[in-house]
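Structural features, examined
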Amino acid sequence: MKQTKIGPWTIEVDVDKTKEFYDKYHLITEDCDCDYCANYVLACERFPSKIKDLFNSLGIDPRKEGEVSEYMLNKDGTHLYGAFYHIVGRIIDGPKWIPTKKGSEVSTPNFVEHYGVDVSFTEDLTLVPEEFSMPTIQFEIQMNVPWMFS
């Protein structure tokens, strides 16, 4: 595993194992046929180079495995999306998720702007594919995405 710093997080990532999983996995659109997911997969090719580099540095193909949600249409015609992906690795240091209310086990990401998008990492995992290697952390991202699907 290699250690890397992304925003305020220091994480260890096994890029090769993560990439190996994503290379074999199917596109998001094979599990979901909604226009929002189809648009996201198309838009991945047009992500800014720094965002593509971020995904590549973690071993992630953003068109695959992740859980993608479209939140809203922005005034400029882009759409606010949120997505999360899994990475073989662990968090060494960084902000913790914020509890939604006192005593609740539910928490929300502590997003930090990085390369013009909001990112977060957590060890509170959701929807990890059975065949994904451990240890695993979850990478969360929110960003504005152009509409490309017709």
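Residues numbered from 1 in each chain as written. Predicted model: local features only at pLDDT ≥ 70, side-chain atom pairs only at ≥ 80, totals over all residues. Heavy atoms only, no water.

1. With respect to the pattern of salt bridges
Side-chain pairs of opposite charge can arise where the charged atoms are in close proximity. Counting across every chain of the model gives three salt bridges. Across the pair D23 and K19 runs a salt bridge, and its minimum N-O distance is 3.1 Å. Of the two residues, D23 and K19 both sit in helix α1 (residues 15–24), four residues apart, roughly one turn of that helix. With a relative accessible area of 40%, K19 lands in the partly exposed category. The closest approach of N and O atoms between R63 and D61, which form a salt bridge, is 2.7 Å. When its relative accessible area of 25% is taken as the criterion, R63 is described as partly exposed. (Salt bridge = Lys/Arg side-chain N within 4 Å of Asp/Glu carboxyl O. Helix = DSSP H or I, 4+ residues; strand = E, 2+ residues; numbered from the N terminus. Buried < 20%, exposed > 50% of the residue type's maximum accessible area, 1.4 Å probe, protein only.)

2. Side note on α1
Those residues of α1 not exposed but buried are V15, T18, F21 and Y22. Looking straight down α1, one finds its buried side chains confined to an arc of 130 degrees; they lie on one side. Seen from the buried face of α1, the exposed residues on the opposite side, beyond 90 degrees, are D16 and K24. Residues of α1 that are buried in the fold lie against β1 (2–6), β2 (9–13), α3 (49–58) and β4 (79–93). (Arc of directions from axis to C-beta. Contact = heavy atoms within 4.5 Å.)

3. A word on the side chain of E12
Relative to the helices and strands, E12 resides in strand β2. With a relative accessible area of 17%, E12 lands in the buried category. Filtering out sequence-adjacent residues up to four positions away, E12 remains in contact with M1, K2, Q3, V88, G89, R90 and I92.

4. A closer look at the pairing of β2
The buried fraction of β2 is high, at five of five residues. Along β2, one buried face is formed by W9, I11 and V13 and the opposite face, lined by T10 and E12, is buried too. By the bridge criterion, five bridges tie β1 to β2 in an arrangement that is antiparallel. Directly across from Q3, in β2, lies its bridge partner E12. In textbook terms, the turn of a hairpin is the stretch between consecutive antiparallel strands, and for β1 and β2 this stretch comprises two residues, one of which, G7, has a positive phi near 55 degrees. Inspection of the sheet shows β2 paired to β4 by four bridges, in the antiparallel sense. Each residue of the ladder has a partner; that of T10, found in β4, is D93. (Pairing = 2+ DSSP bridges.)

5. A closer look at the confidence of the model for the protein chain
Per-residue pLDDT for the protein chain averages 90, and the proportion of residues at 70 or more is 91%. When mean pLDDT is taken per element in the protein chain, α1 scores highest with 97 and strand β6 (residues 107–108) scores lowest with 55. (pLDDT = per-residue confidence, 0-100.)

6. Points about the packing of aromatic side chains
What the rule picks out here adds up to 12 aromatic pairs. Centre to centre, the rings of F21 and Y22 are 5.3 Å apart; their planes meet at 90 degrees, and the pair counts as edge-to-face. For F21, a relative accessible area of 9% puts it in the buried group. Exposure remark for Y22: the relative accessible area of 1% places this residue in the buried category. By the ring-pair criterion, three or more aromatic residues cluster together here, those being W9, Y40, F47, F55, Y81, Y85, F121 and F139. (Phe/Tyr/Trp six-rings, centres within 6.5 Å; stacked < 30°, edge-to-face > 60°.)

7. Describing the nonpolar core
Counting 36 residues, the largest nonpolar core has Y40, F55, L58, Y85, F121 and F139 as its most contacted members. Of all elements in the fold, only β2, α1, α2 (35–44), α3, β4, β8 (117–122) and β9 (136–145) reach the threshold of two or more residues within this core. Ranked by residue count, the leading element in this core is β4, at six residues. Setting aside anything within four residues of it in sequence, one finds F121 in contact with I6, W9, I11, L58, I87, I91, W97, I137, Q138 and F139. (Core = buried A, V, L, I, M, F, W, Y, C linked by side-chain atoms within 4.5 Å.)

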